[in-house]
Amino acid sequence: MSKDYYNVLGVEKGATKDEIKKAFYKLAHKYHPDKKEGDEKKFKEVNEAYQTLSDDDKRAKYDQFGSGFENMGGASAGGYGDPRGFGGFDFSGFQNGGQEFDFGNLNDIFSDFFGGGMGGGRTQARRGRDISTEIHISFSESIFGVNRKILITKTSSCETCKGSGAKADTKMESCKTCNGQGQIREAKRTILGTISSTKVCETCLGSGEVPKEKCEKCHGKGVLRKEEEISLAIPAGIRNGEMVRMSSMGEAVAKGTSGDLYIKINVVPHATFKRDGHDLVMNLNLKLSDALLGTEYPIETLDGKIKVTIPEGVGINEILRVKGKGVPVGKGKRGDLLIKLNIKMPTKISRKSRELIEELKKEGV
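These remarks concern the structure in this document. Computed from a prediction, not measured in an experiment: that's the story for all the values here.

Quick notes on the side chain of T170
- In this fold, T170 is placed in the loop between β2 (146-157) and β3 (172-174).
- Among all residues touching T170, those that are not within four sequence positions of it are K212 and E213.

Let's talk about the pattern of salt bridges
- Taken as a whole and judged by the stated rule, the model has 18 salt bridges.
- Residues joined in a network through salt bridges with shared partners are R127, D130, R245 and D260.

Re unusual backbone geometry
- Even without being glycine, D169 reaches a positive phi, approximately 65°.
- Structurally, D169 can be placed in the loop between β2 and β3.
- The residue L205 is not glycine, and still its phi comes out positive at about 60°.
- With respect to the element layout, L205 can be found in the loop between β5 (193-200) and β6 (209-211).

What about the packing of aromatic side chains?
- Following the criterion strictly, the structure yields 3 aromatic pairs and no others.
- When the centroid spacing of 5.9 Å and the interplanar angle of 50° are considered together, the rings of Y6 and Y62 count as tilted. Within this pair, whereas Y6 is found in helix α1 (residues 5-9), its partner Y62 is found in helix α4 (residues 56-65), the two being separated by 56 residues in sequence. Each of the two residues, Y6 as well as Y62, counts as buried.
- Ring centres of F24 and Y50 lie 4.4 Å apart, and the angle between their planes is 15°; this geometry places the pair in the stacked category. Placement of the pair is F24 in helix α2 (residues 17-31) and Y50 in helix α3 (residues 40-53), with a sequence separation of 26 residues. The same class applies to F24 as to Y50, namely buried.
- The rings of Y5, Y6 and Y62 are connected pair by pair, giving a single aromatic cluster.

What about α4?
- For α4, every residue scored as buried is listed here: K58, R59 and Y62. Down the axis of α4, the buried set is contained in an arc of 100°. They therefore lie on one face. Across from the buried face of α4, at angles greater than 90 degrees, the exposed residues are D56 and Q64.
- Lining the buried residues of α4 we find α1, α2 and α3.
- The backbone nitrogen of D57 has a side-chain oxygen 3.0 Å away, supplied by the residue at the start of α4, namely D55.

Focus: the environment of I299
- With respect to the element layout, I299 can be found in strand β12 (residues 295-301).
- Using a relative accessible area of 4% as the deciding quantity, one classes I299 as buried.
- In sequence terms I299 and L284 are 15 residues apart; their C-alpha atoms lie 8.9 Å from each other.
- Residues in contact with I299, not counting those within four places in the same chain, are M282, L284, G304, K305, I306, V308 and I339.

Considerations on the environment of D336
- Structurally, D336 is set in the loop between β14 (319-322) and β15 (337-344).
- The sequence separation of D336 and R321 amounts to 15 residues, and the corresponding C-alpha distance is 6.6 Å.

Rules and cut-offs
Residues numbered from 1 in each chain as written. Predicted model: local features only at pLDDT ≥ 70, side-chain atom pairs only at ≥ 80, totals over all residues. Heavy atoms only, no water. Helix = DSSP H or I, 4+ residues; strand = E, 2+ residues; numbered from the N terminus. Contact = heavy atoms within 4.5 Å. Salt bridge = Lys/Arg side-chain N within 4 Å of Asp/Glu carboxyl O. Phe/Tyr/Trp six-rings, centres within 6.5 Å; stacked < 30°, edge-to-face > 60°. Buried < 20%, exposed > 50% of the residue type's maximum accessible area, 1.4 Å probe, protein only. Arc of directions from axis to C-beta. Polar contact = N/O pair within 3.5 Å; in protein donor to acceptor, adjacent residues only side chain to side chain.

As structure tokens, then:
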């Protein structure tokens, strides 16, 4: 016999999703098994009706075939004991009006219930905060790499007690808060009933033991905030704005692993060179006579001084390529130095120069 889900929730067949949701709020609160006047059977019926009518696809099939549609390949309605049976319903706005139970955060409930929270399950390792800073380096340092030392103020592991929180030569003893278990069991009343879960003991942080006498330096915390010098190796060829990640150099946390340190690299622009991929680019101003006749120009590169041969008759904006003077690429390989030639035209011409140019003009140059 087909069930009348609309009648179960007390709504009309043409009810909106909001009306269906409000009806479910009211009835689920009324029939919840944990309440004195609760009715487990009716609570299941209400939940079954809601998860069908709140889903557009299921509702359409129900309206066409009745409640037997699940036997035709549809999803089973299921009982309230299965968290997936709620079809993604959001209980965050489900107020209990100050009654004897609350619905809590279902995400936390299911995490505890199905993710090992029922005792003996996995405990997620504690991890310190990731932190970041930034430094400035020269253009040349970005090309060839450099080693830097930086000062960072952060929470670090106590060097005196090596992170244990115990005074030197002091033994550890069983934690009295959790009786040496490292976890504390607690029960929470929710819409799913009473769920038992465990949480990490805040006194021993999951280790099950505490020092008999606390370290005087960190007062038993195992960590303390201090300024620390860090050696940083900046790789060759790093670009402006790139980040260097230093694993486990972030903030420390007691009985856990440290976070990471991220360092943003700011490259100071160079007066002569710019970067184009693995090549370096520069401009070189030539006199007209040097462009016509050719010559040698001394150039100060990032590697030192070199001489560049300018062939005769070079054109405006022509580019000369000097192999292996660019950005390092892998082992023993580098990009090139590209020299863009700018021919400076004279603004004033002497009488003698004019006569010579006239002669060139006659020759068709």
